[in-house]
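Listed below are the residues making up each chain.
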Amino acid sequence: MCVLTIASMDGALVEAVCKYFGLEAVRGSSGRRGALAYMEMLRKIREGNICFCFTPDGPRGPMYQVQPGIIRLASQTGLPIIPVCIEYESCWRLNKAWDHYAIPKPGSNVNILWKKRLFIPPGITDEQVAEYGRLLAGMMQEGVPDFPPLTQSKLCKSSTES
């Protein structure tokens, strides 16, 4: 597995953690080194048996709004997108972060939800990219208790910690 992470100091930390657990990392985002990261992902996919893990809402959001890179990559490679959502019984929230990053508390139950695969046809137009982005966002939000405002979430209580 290979993780797409931002080309910043935060991304360097994520890359180090990934390497510790035996994962590869590609550095880049829509705002910085994006085209190079995209080409590197294409190369890795063509070279062998690898899958990618990245957050489809990009490094700056808006939260839960799918950016076009994941749709274009799936269209170009023929690989499916498999949305994965995570629920926490109890967690801390980094409320100052744009995505309200969640850190599960020790001993908390964590549920990982694998959603239905989404195949994107080859050669899609910009309008279709946006359409598939909305479809993917809807799939990710469906039935996940973390998507209501954080203070209303049934499984993950919002923390005031920053």
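Okay, so let's go over this structure. Note that the structure is a prediction, hence the values are computed from the model and not measured.

**Some details on the overall build of the protein**
And then number 1: Of the regular secondary structure elements, the protein holds four helices and seven strands.
And then number 2: From first element to last, N terminus to C terminus, the protein shows the α and β order β-α-β-α-β-α-β-β-β-β-α.
And then number 3: Within the protein, contacts between residues at least 6 apart in sequence are counted, and of these 58% link residues at least 24 apart.
And then number 4: Surface exposure of the protein reaches about 10100 Å², of which carbon and sulfur atoms provide 57%.

**Thoughts on the sheet that holds strand β3 (residues 52–53)**
And then number 1: Strand order across the open sheet formed by three strands is β2-β1-β3, with parallel pairing between neighbours. Both outer strands of the open sheet, β2 (24–27) and β3, are each paired with one neighbouring strand and no more.
And then number 2: Relative to β2, strand β1 (residues 2–5) runs parallel, the two being bridged by four bridges. Looking across to β2, one finds that V3 is bridged to A25.
And then number 3: Its contacts with the sheet place helix α1 (residues 9–20) against β1 and β2, and it is angled at close to 165 degrees to β2.
And then number 4: On the sheet, helix α2 (residues 34–47) packs against β1, β2 and β3 and is oriented at approximately 150 degrees with respect to β2.

**Side note on the state of the cysteines**
And then number 1: As enumerated under the stated definition, the model contains zero disulfides in all.
And then number 2: Of all cysteine sulfurs in the structure, the one in C53 sits closest to C51, which takes part in no disulfide; the separation is 8.0 Å.
And then number 3: Take C53: its relative accessible area is 38%, and that puts it in the partly exposed class.

**Structural notes on the packing of aromatic side chains**
We describe a pair of aromatic rings using the distance from one ring centre to the other and the angle between the two ring planes.
And then number 1: Taken as a whole and assessed by the stated rule, the structure comprises one aromatic pair.
And then number 2: Judged by centre distance (5.0 Å) and plane angle (90 degrees), the rings of Y20 and F21 are edge-to-face.
And then number 3: Residue Y20 is classed as exposed on the basis of its relative accessible area, which comes to 69%.

**Observations concerning the nonpolar core**
And then number 1: Among the nonpolar cores identified, the biggest contains 15 residues, and V66, I71, I81, L118, I120 and L136 are the most heavily contacted of them.
And then number 2: When residues of this core are traced back to their parent elements, those giving at least two are α3 (68–77) and α4 (126–141).
And then number 3: Take this core: its biggest share by element is six residues, from α4.
And then number 4: In this view, I81 contacts I70, I71, A74, K116, R117, L118, I120 and L136; residues no more than four positions away in its chain are not counted.
And then number 5: Membership of the second largest hydrophobic core comes to 10 residues, among which are V26, I50, F52 and L73.

**Re the packing of α3 against α4**
And then number 1: Orientation of α3 relative to α4, taken along the N-to-C sense of each, is 110 degrees, at an axis distance of 9 Å. Regarding the angle of α3 to α4, the classification is roughly perpendicular. Counted together, P68, I70, I71 and R72 of α3 and D126, V129, Y132, G133 and L136 of α4 form the full contact between these two elements.
And then number 2: Looking at the contact of α3 with α4, its residues break down into six nonpolar, one polar and two charged.

The rules behind these values
- Residues numbered from 1 in each chain as written.
- Predicted model: local features only at pLDDT ≥ 70, side-chain atom pairs only at ≥ 80, totals over all residues.
- Heavy atoms only, no water.
- Helix = DSSP H or I, 4+ residues; strand = E, 2+ residues; numbered from the N terminus.
- Contact = heavy atoms within 4.5 Å.
- Areas by Shrake-Rupley, 256 points an atom, 1.4 Å probe, with all protein chains shown as cover.
- Pairing = 2+ DSSP bridges.
- Axes fitted to C-alpha atoms, helices over the stretch in contact; angles between N-to-C directions.
- Disulfide = S-S within 2.5 Å.
- Buried < 20%, exposed > 50% of the residue type's maximum accessible area, 1.4 Å probe, protein only.
- Phe/Tyr/Trp six-rings, centres within 6.5 Å; stacked < 30°, edge-to-face > 60°.
- Core = buried A, V, L, I, M, F, W, Y, C linked by side-chain atoms within 4.5 Å.
- Parallel < 35°, antiparallel > 145°, perpendicular 65-115°, else oblique.
- Nonpolar A, V, L, I, M, F, W, Y, C, P; charged D, E, K, R; others polar.

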